[in-house]
Amino acid sequence: MAQSVLLTGAAGRVGEAILGGLADDYEWRLLDRDPPTEDYPGEFVVADITEDETIREAMEGIDVVLHLAGDPRKTAPWDSVLTNNIDGTQTVFEAAVDAGVEKVAFASSNHAVGHYETDERTPEMYRADDDYLLDGTEQPRPGNLYGVSKVAGEALGRYYHDEYGISVVNVRIGNLTENHPPIDYERGQAMWLSYRDCAHLFDRCIQADYDYEIVYGISDNDRKYYSIERAKEVLGYEPQDNSAAHNDD
Ligand SMILES: NC(=O)C1=CN([C@@H]2O[C@H](COP(=O)(O)OP(=O)(O)OC[C@H]3O[C@@H](n4cnc5c(N)ncnc54)[C@H](O)[C@@H]3O)[C@@H](O)[C@H]2O)C=CC1
Ligand SMILES: O=C1O[C@H](COP(=O)(O)O)[C@@H](O)[C@H](O)[C@H]1O
């Protein structure tokens, strides 16, 4: 029988990419505070992730949670990230543990390590001939309050894994765009994540066995300053796209 997967933030862009690739592969329960505007696979729960009781109900019978819901803006103010990204993520983890969920994949971000992009390193680190690489073992260095909230989400996952044994993978997503990498934006091209690689990566987060992991979620770009080796090794991630293939578009 197909695994039951709860997808929070299902109405957003990352949710669209995941469902675009995996709609038929799982028993989906989709959750977002915004109601759906088009047909979705499975059941759709309209709820806020800070609503404890509703989130507990949404967790019943779920094997794996893909937790995307949150404020994705790098300029998001503290009150928003505190509520949506930190409090909401704690509510999701607490309910997941209590419901006996096996795994949670958390949508972390490149902004959790944004301050490695120093004036001395940029823009060279965004280029294919530069060998600077972050691999997920480095200390977090958030570049904004949104990044701080993602580091907090990763720490919540660490706590719930260590305390309760739930499997947790934090995917530090780069820059997701459909069809084409960002244009005239070296940083975005270095951290591009295509829609199909995004779906495949989260598929591997559902299928693979792991304890607590931090991986980078980017395509196999020639330009890169995030290693994808850990995602390959632990999750079996095999990206198909490379922003360099679009250089002449
Ligand atoms: N799109 C990208 O390139 C990247 C996205 N991410 C992360 O991935 C996740 C999804 O991002 P996107 O799909 O791009 O954003 P989005 O804004 O398109 O989707 C987020 C969804 O979450 C929902 N949501 C927000 N707060 C909520 C709450 N309190 N309760 C219930 N639903 C809520 C929104 O209604 C929205 O549908 C976010 O956590 C974001 O930080 C991280 C790095 C890059
Ligand atoms: O975490 C996120 O990162 C991406 C890429 O960051 P940017 O600084 O290159 O824009 C961003 O597009 C997305 O909205 C955000 O959630």
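Under an unreviewed UniProt entry, the protein chain has the name NAD-dependent glucose-6-phosphate dehydrogenase and belongs to Haloterrigena gelatinilytica. A UniProt comment under Function (unreviewed entry) is attached to the protein chain, and it reads "Catalyzes the NAD-dependent oxidation of glucose 6-phosphate to 6-phosphogluconolactone."

Draft legend 1. Highlighting a nonpolar patch on the surface. Taken together, the side chains of W78, L82, L145 and V148 make up a nonpolar region of the molecular surface, amounting to roughly 320 Å² of accessible area. Among the secondary structure elements, those contributing two or more residues to the nonpolar patch are α3 (78-99) and α4 (145-164). Among the structural elements, L145 can be located in helix α4. Judged by its relative accessible area of 43%, L145 falls in the partly exposed class.

Draft legend 2. Main features of the sheet that holds strand β5 (residues 103-109). Taken in spatial order, the seven strands make up an open sheet running β3-β2-β1-β4-β5-β6-β9, and their pairing is parallel. Unpaired on one side and paired on the other, β3 (43-46) and β9 (212-217) mark the two borders of the sheet. Direction aside, neighbouring strands of the sheet carry axes that sit 20 degrees apart on average. Across seven bridges, the pairing between β5 and strand β6 (residues 167-173) is parallel. Bridged to S108 within β6 is R172. Helix α1 (residues 13-22) contacts β1 (4-8), β2 (27-32), β4 (64-67) and β6 of the sheet and is inclined by roughly 165 degrees relative to β2. Contacting β5, β6 and β9, α4 runs over the sheet at an angle of about 160 degrees to β5.

Draft legend 3. Fine view of the confidence of the model for the protein chain. Across the protein chain, pLDDT averages 97, with 99% of residues at or above 70. Quick note on the complex model: pTM equals 0.98, ipTM equals 0.99.

Draft legend 4. The packing of aromatic side chains, seen in detail. Enumeration over the complete set of coordinates arrives at nine aromatic pairs. Where Y159 meets Y164, the ring centres are 6.3 Å apart and the plane angle is 85 degrees; that geometry is what we call edge-to-face. Look at Y159 and you get partly exposed, because its relative accessible area is 40%. Arranged with centres 4.3 Å apart and planes meeting at 5 degrees, the rings of Y216 and Y226 form a pair that is stacked. Linking Y216 in strand β9 with Y226 in the loop between β9 and α7 (229-235), this pair joins segments that are ten residues apart in sequence. An identical accessibility class is assigned to Y216 and Y226; each is buried.

Draft legend 5. Here's a closer look at the UniProt feature "domain: NAD-dependent epimerase/dehydratase" (unreviewed entry) in the protein chain. In the UniProt entry, the feature "domain: NAD-dependent epimerase/dehydratase" (unreviewed entry) is given for residues 5-176. In the segment residues 5-176, helix accounts for 34% and strand for 20%; the C-alpha atoms at its two ends are 22 Å apart.

Draft legend 6. Spatial organisation of α4. For α4, spanning 20 residues, the distance from its first C-alpha to its last is 28 Å, which sits close to the expected 28 Å at 1.5 Å a residue. When α4 is considered as a whole, its buried residues turn out to be Y146, G147, S149, K150, V151, G153, E154, L156, G157, Y160 and H161. In this structure, the buried residues of α4 make contact with α3, β5, β6 and β9. Downstream of α4 by a residue or two, G165 has a phi angle that is positive, lying close to 85 degrees.

Draft legend 7. Representation of unusual backbone geometry in the model. Note the cis peptide between T122 and P123, where omega equals 5 degrees. Tracing the backbone shows P123 in the loop between β5 and α4. Backbone geometry places N179, a non-glycine residue, at a positive phi of 75 degrees. When its relative accessible area of 65% is taken as the criterion, N179 is described as exposed. With phi around 55 degrees, D184 is a residue other than glycine that occupies positive phi space. Relative to the helices and strands, D184 is located in the loop between β7 (175-176) and α5 (186-190). Residue D184 is classed as exposed on the basis of its relative accessible area, which comes to 78%.

Cut-offs used in this document
Starting afresh in each chain, residues are numbered from 1 along the sequence in its written order. The order in which chains are written sets their letters, starting at A; the order in which ligands are written sets their numbers, starting at 1. Predicted model: local features are reported for residues with pLDDT of at least 70 only, side-chain atom pairs are reported and counted for 80 or more only, and whole-chain, interface and lining totals are derived from all residues. Only hydrogens and water are removed before side-chain values are computed, so all heavy atoms of the structure are retained for them. UniProt positions are given in the numbering used here, feature names are shortened, and annotations may be inferred rather than shown by experiment. By definition, no residue in a patch forms a salt bridge, and every one has over 30% relative accessible area; like charges are joined within 9 Å, nonpolar side chains (Val, Leu, Ile, Met, Phe, Trp, Tyr) within 5 Å. Note on areas: these come from Shrake-Rupley sampling with a 1.4 Å probe, and a residue is covered only by the protein chains present in the view. A pairing counts as a salt bridge when a side-chain nitrogen of Lys or Arg comes within 4 Å of a carboxyl oxygen of Asp or Glu. Per the convention used, a helix needs a DSSP run of H or I reaching at least four residues, while a strand needs a run of E reaching at least two, with both numbered from the N terminus. Relative accessible area decides the class of each residue, using a 1.4 Å probe on protein chains only: under 20% of the type maximum gives buried, over 50% gives exposed, and in between gives partly exposed. Only when DSSP finds a minimum of two bridges between them are two strands counted as paired. Where helices are involved, their axes are fitted lines through C-alpha atoms of the stretch in contact, as for all axes, and angles between N-to-C directions lie from 0 to 180°. Pairs of residues are marked as contacts when any of their non-hydrogen atoms sit within 4.5 Å. pLDDT measures how confident the predictor is about each residue, on a scale from 0 to 100. Stacked, tilted and edge-to-face are the three classes applied to pairs of Phe, Tyr and Trp rings, where Trp contributes its six-membered ring and a pair requires centres within 6.5 Å; stacked means planes under 30 degrees apart, edge-to-face means over 60, and tilted covers the rest. A helix is expected to span 1.5 Å multiplied by its residue count minus one.

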